[in-house]
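# Analysis of the macromolecular model
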Amino acid sequence: MAGTSSPEAVKKLLENMQGDLRGLSLECRKKFPPVKEAAESGIIKVKTIAARNTDILAALKENSSEVVQPFLMGCGTKEPKITQLCLAAIQRLMSHEVVSEAAAGNIINMLWQLMENSLEELKLLQTVLVLLTTNTVVHDEALSKAIVLCFRLHFTKDNITNNTAAATVRQVVTVVFERVVAEDERYKDAVDQPAAVQGNSNRRSVSTLKPCAKDAYMLFQDLCQLVNADAPYWLVGMTEMTRTFGLELLESVLNDFPQVFLQHQEFSFLLKERVCPLVIKLFSPNIKFRQGSTTSSSPAPVEKPYFPICMRLLRVVSVLIKQFYSLLVTECEIFLSLLVKFLDADKPQWLRAVAVESIHRLCVQPQLLRSFCQSYDMKQHSTKVFRDIVNALGSFIQSLFLVPSAGNTSATPNQTGSNASGNTGSAQTNPGVLGMGGGATVLPAFEYRGTWIPILNVTIQGSAKATYLEMLDKVEPPTIPEGYAMSVAFHCLLDLVRGITTMIEGELGEAETVIQTSVEATSLPAQSSEQDLQSVSDQSEKELVNRAVWEEMVNACWCGLLAALSLLLDASTDEAATENILKAELTMAALCGRLGLVTSRDAFITAICKAYSIQGQNVQMISPSSESHQQVVAVGQPLALQPQGTVMLTSKNIQCMRTLLNLAHFHGAVLGTSWQLVLATLQHLVWILGLKPSVGGALKPGRAVEGPSTVLTTAVMTDLPSISSMISKLFENSQYLDDVSLHHLINALCSLSLEAMDMAYGNNKEPSLFAVAKLLETGLVNMRRIEILWRPLTGHLLEVCQHPNSRMREWGAEALTSLIKAGLTFRHDPPLSQNQRLQLLLLNPLKELSNITHPDIRIKQLECVLQILQSQGDSLGPGWPLVLGVMGAIQSDQGESLIRTAFQCLQLVVTDFLPTMPCTCLQIVVEVAGSFGLHNQELNISLTSIGLLWNISDYFFQRGEIIEKELNKEEAVLQKQAEEKGVMLNRPFHPASPFDCLWLCLYAKLGELCVDPRPAVRKSAGQTLFSTIGAHGTLLQHSTWHTVVWKVLFHLLDRVRESSTTADKEKIESGGGNILIHHSRDTAEKQWAETWVLTLAGVARIFNTRRYLLQPLGDFSQAWDVLLDHIQSAALSKNNEVSLAALKSFQEILQIVSPVRDSEKPETPPAINVSVPLVVGTAATSLGRSFMRTDSIGERIGRYNGSELPVVTDEIEDLNLWWAAWNSWYRIGSESTRPPVTCDKLAFIPSQPFLTALIQIFPALYQHIKTGFSMDDLQKLGVILHGAVSVPISSDASPFILPSYTEAVLTSLQEAVLTALDVLQKAICVGSEGMQIMYPAIFDQLLAFVEFSCKPPQYGQLETKHIANAKYNQAEWVALNYVPFAERSLEVVVDLYQKTACHKAVVTEKVLQNIIKTLRIPLSLKYSCPSESTWKLAVSSLLKVLSIGLPVARQHASSGKFDSMWPELANTFEDFLFTKSTPPDNLSIQEFQKNESIDVEVVQLISTEILPYANFIPKEFVGQIMTMLNKGSIHSQSSSFTEAEIDIRMREEFSKVCFETLLQFSFSNKVTTPQEGYISRMALSVLLKRSQDVLHRYIEDERLSGKCPLPRQQVTEIIFVLKAVSTLIDSLKKTQPENVDSSTWAQVIALYPTLVECITCSSSEVCSALKEALVPFKDFMHPPAAKVQNGES
């Protein structure tokens, strides 16, 4: 306005006006004077106004009627030139807004006249337009007249006018409505007028409307009337009108000014009452029309759809729905239903096309669709409009594929019939196909079952740019190009999906953030006002409502969408189209997922998967023909149990794949159970593309799956890495999923894996490892919350690890171990060290693997353990028991490599990690180490494990205090827990303290190893066990020793004994490989013997060295008995090695003098020894338990904790122990020396060293039991000593034991026996009177040994050979040379007797007699004795003994105690002096003379020690002696002498001595009793008589023999007699005369004649002897008388 009201503009206006008026007057001055005048007066008027008024424009407007008048008159002239000038002038005025209402009315009337005269039609239109647009002065009737004028000009004959008029009408209508808008704007602040009553049926009731609105209302109402072919109410003067134009105007008003209708109820009323019924009425031909039902012969033009109207109606409907949906809910339902109907296949093609376009317009308005859903679909008993729209689109698309010919009906301009259209249709379809076949460039298209529909680029995404709805100039239906409808429908679907999903997701996002913020607000500590809470609840209510709408929308559309999209996807041959379809399916799936609509979500995902999963055409091997326009990129075998044929992957499949990946990638959180589908499909792809898992579970292109048919094109090969990384990324993204979604993913992978496992059963083909690899990958990226998925994850992998297919298993183990390692190295929060539960959870599957028997799995498990130890060993903490359990779970049968790996782990633990592990685990370490010792696969491992046990024990020792503290602490906790539960604390070796239990477990383990089947292990374990107990046993509490003794040591002894006694005696050929076994170890029995030896020795050593600890234990004596029992059974075992060792152990335990050994006596004995209790009191509290290695006494005393004072062992108890030992010793002795019952070659005979050792034990033992040693015991001892000495030696041992036979040496056994007796006799010697009664028994024993010299003892029925005859290599028994032993025994006897002859017991028990009796044996044998020395010694011993014993015997003569001895002695002398054995032939003369001198000695003994005391001696004895001397004096000699020797061998000396003794005692002047004299005389007479007999017999024989010499023997005898006679006479002469009886002399003289008779003998020897015999007779040549008398007296 400023432009027209500025002074310059006004000035210009005035000038122009004046100019116009002048011009007018000029033009009219000739023809039309009135006009000219008017013009001129007008000029004056203008000038006047200008002059008088300041506001010139207002003044002009006021006077406008007058100002305008000249121009109106000018127009009235109907002269074109004038009219034009006038119209221009009027326009100028109007443009300056100086026209009043009245003037305007006049102008319009004038224009109407011009119109009726058809003058200046265009100028008219222009003027009207200017008039109406510049101001609002024209209204009501004037306005209606102006509008009608324009309408009428629209229907002229002139095309240009018509079109201009049409444009003007449109503009005018717009102006009318714009005024309403402006008016509303002006009044918007005014108080609202009371609304008109809605639903008022009076059309004219517009009184409430303001002026502009009223005009608009009237105009719109008449437009409706006109379209409906009714008369207008307001637009008076209309002559004609077209519906198309009316509809266009209606559409533009509705489209441009929706707010007018929405704000004014009058207008809304018009819409409802007028517009909608009108539209519905006009639609009727389209609804009723059925294509093909009207034949060309009977056209029904009324009812036939008319394209221009139909199309415009659709446009109106689009606007109505878009703008007034909220007002016209019901009406819209009808419109939408109609739209849906128009898509039917039996409607004309153009109708379907415009309907699709209309629907497209709706589809791009998601909010509108949402409203449909809320208003219809969600209401009961209402049409499901939204659902129907979607379904209709689907059926529409389907119908396009099914009826190819119908698609082109409209293509024929004259729709004559279906026939023609069919032809054309096919003609139009074929070129495309042919083009394809000919290799032309492929158009984007859909192809389905032979129907080919090109895809046209109809619109840009998200906008509904219609083609046919815009064809307002077309009257005839246009030709719809092929594929157009399809393309639009396709875009409808895409836009629909895009719109809905974007909208809902946006709203969802907003709702989530609102909830989020409100939750945060409420959770703030500040006081939230109730109002806030209220808003939250409103919010959530609103969300519930929204959610219901979203869900309904999705539920309404998903089926239809899915059907349509799947069909299109199937048919699509264009990559971009496929991409779009897949994207739509993906977004829908994601949306459904977000809304939790499982069925629909799964359906979409299934569709994508199906499109990938090679169905239908793709399964058979097909060549890319015209049938499939997809490029084949890969061929492979399907992943199935029995793969049939091959599978082809096309590029479309790969596209689907990428979509799936994207879906899983970005929408994993909402997939839930559909993961199963997605993953199964991905797995298939991975399978066909031959991707194999690599470290960490990522997939890498591996060699393709075995199978001849696997082919990958280069196109897909280059894609492989990206596909692989996409798949990996997908699983990496799982870390952003929430817990529930993650569980869905894990579950899906697990079930997928289960399927793969099922397929891999029963064959060793390559399995699908996709699921396992991905489980691993998922686990690795979700370490921060591993707890929530650990159990399902590892539980499944453990199942995989048990699978029979090795490749499957291997990956299961790989995945599991990688996860465990990753879990342990991951930096958890809180760290694992503070989260023990998690640590155990992570390690548990490692333990579970131990239940799987497959060695490859176990190797993996152990490698994992090794790696864990190397990286995490220091921080395992409570995980140790599990880790150790894994090592311990290896069994012997599981192969060497497995055991070796496990053992490696254990070694690492023992060397590096003992200090870092909790002390409670040490016991497990011990058990595991022990279990390796028991593995029998690899000896070295067993031996090394024993070494480890030794190292462990050392560690316990060094860190004892720390370990003990920690264990006690732990124990206290456990104790408390147990008490709370009310149960007993249950652990092995319970009452002992926890630290001691640790030791006991160690001992127990070593104990088990000590009975291992392998000797080397047993040996090593035994040495280690006893070394540990020896070295570290002092750490144990005193009470624990009880357990050590009973549960460890004795238990071990029992087992060893049992195994040894039952061991196999079969010879073992070689020790595995080519190791030779020594003959002393070549049977199991011998090997066990070694073990037994070691064990027994070890236990004995402990009993010996730790006696001071053991003795105070309550049951030491039982223990002692058990130990003795073991020693006994070992000693009696039929194995020399064992038995000997047992005795050594026996010796060891007996060498104990007192609990404290000398070396350890403390420096200050008094303090300790005197006040032990005092020291104990202080030490117990201060030392507690010392950890010194030494066994100092201070420590020992300290070890008895206060409560257990060291018990001073009672003497009596000690005695009991010794007696127990004695009993054992006796049992061993009696058993081992008892001869075998059978004389079997194989009988077991104890060895010499064994017996020696056995006997050697006795002296030590005896020292302790001597006080109570009784006769019985002595008897028992005797039996054993006797038995021991009797045992023969096996021939193969003899060279080592026996001295060469000639040397007189004792064996060590014999030495020992004598020593034993020696000890005894010494003890008796100093012992009490009571003990001395044992002397006789000792003598008996010794004498028994003496007998061995002549009569070696028999050992049962065993045949022994003489050593000379024994063959060393045979199992024969050799008798010992007992001579030295017997002789030594004899010496001992003599020695002893010399000391004890006078003892009462010796006297009473007839010891002397026994000695004599025993000596009689060798003496009687004399030369027959095995050894010459024997009888010589016997003689000398006899002489010695008698020299002592005879005086004693004389002393006790009266008591009769020696009565029986005398005859024995007599016999002994007899047997010796007149032995039956002949001297050996090789005896030299010197020897003989020596022997004779011994005989002489005996006779001298008789003469000195016996005969002088004849009165104290029984006379029978003396008689016997006499007889013997008599015999000796004339003893005949053996016949074996040679002539030369005779003189010497005659024992002349002996005979002489005999005679002399005989004579000496016969004529002894000391005869006290007559009897003695009588005995002497009788002896003489016997002697003489015998001489007489011999001589007589000789003479007789000599005579008879004639010339033959007599036998040598007889000659010798006679010579001897002759000599005896001469000796006798000599003796008689020397004797006192009174001692010789006269009868004796008579007998001597009576010999003379006989001697004389012998003179005739022929033997010179006899002659010389005779001479000597005759010579003494000269002394008898006396006068007879005196002599005789003398003799008489």
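Look above for the structure.
Structurally, S382 can be placed in the loop between α18 (366-377) and α19 (385-402). Using a relative accessible area of 16% as the deciding quantity, one classes S382 as buried. Separated by 3.2 Å, the side chain of S382 and the backbone oxygen of Y376 make a polar contact. Residue contacts for S382: discarding those within four places in its chain leaves E333, S375 and Y376.

The next point concerns the side chain of E938. Inspection of the secondary structure assignment puts E938 in the loop between α36 (922-934) and α37 (939-958). For E938, a relative accessible area of 18% gives the class buried. When near neighbours in sequence (up to four residues on either side) are disregarded, E938 contacts E896, R900 and R1014.

What follows covers helix α9 (residues 140-154). With 15 residues, α9 should cover 21 Å at 1.5 Å per step; its first-to-last C-alpha distance of 21 Å lies within 8% of that length. For α9, the full list of buried residues reads L143, S144, A146, I147, V148, L149, C150, F151, L153 and H154.

Moving on, we come to the packing of aromatic side chains. A full pass over the atoms with the stated rule returns 45 aromatic pairs. An angle of 65° between the planes, with centres 5.2 Å apart, marks the rings of F283 and F342 as edge-to-face. Of this pair, F283 sits in helix α14 (residues 265-288) while F342 is found in helix α16 (residues 329-342), placing the two residues 59 residues apart along the sequence. With respect to class, F283 is no different from F342; both count as buried. Between F401 and F446 the ring centres are 6.4 Å apart and the planes differ by 85°, which places this aromatic pair in the edge-to-face class. Of this pair, F401 sits in helix α19 while F446 sits in strand β1 (residues 445-448); the two residues are 45 residues apart in sequence, bridging distant segments of the chain. Exposure remark for F401: the relative accessible area of 2% places this residue in the buried category. Here the aromatic residues F177, Y217, F220, F257, F261, F267 and F324 are joined through ring pairs into a cluster of three or more.

Scanning the model with the defined rule gives 40 salt bridges in all. Its salt-bridge partner being E1596, residue R1599 comes within 3.0 Å of it at the nearest N-O pair. Of this pair, R1599 and E1596 both sit in helix α64 (residues 1570-1601), three residues apart, which is roughly one turn of that helix. Residue E1596 is classed as partly exposed on the basis of its relative accessible area of 37%. Bridged by salt links that share partners, the residues E251, R315, R361 and E470 form one connected network.

The rules behind each value
- Just so you know, the residues in each chain are numbered from 1, in the order the chain's sequence is written.
- Confidence filtering applies because this is a predicted model: local features only for residues at pLDDT of at least 70, side-chain atom pairs given and counted only at 80 or more, and all residues used for totals across whole chains, interfaces and linings.
- Hydrogens are left out, water is left out, and the side-chain values use all remaining heavy atoms of the structure.
- Every helix listed is a DSSP run of H or I at least four residues long, and every strand listed is a run of E at least two residues long, numbered separately from the N terminus.
- A 1.4 Å probe rolled over the protein chains alone gives each residue an accessible area, and that area as a share of the maximum for its type sets the label: buried under 20%, exposed over 50%, partly exposed in between.
- Pairing of N or O atoms within 3.5 Å defines a polar contact, subject to two protein rules: one partner must be a possible hydrogen donor and the other a possible acceptor, and residues neighboring in sequence count only if both atoms are side-chain atoms.
- We call two residues in contact when some of their heavy atoms are within 4.5 Å.
- What a helix is expected to span follows from its residue count: subtract one and scale by 1.5 Å.
- Two aromatic rings, drawn from Phe, Tyr or Trp (for Trp, its six-membered ring), form a pair once their centres lie within 6.5 Å of each other, and the interplanar angle then sorts them: stacked below 30 degrees, edge-to-face above 60, tilted otherwise.
- A pair is scored as a salt bridge if a Lys or Arg side-chain nitrogen falls within 4 Å of a carboxyl oxygen belonging to Asp or Glu.

Read these as spatial facts, not as claims about activity.
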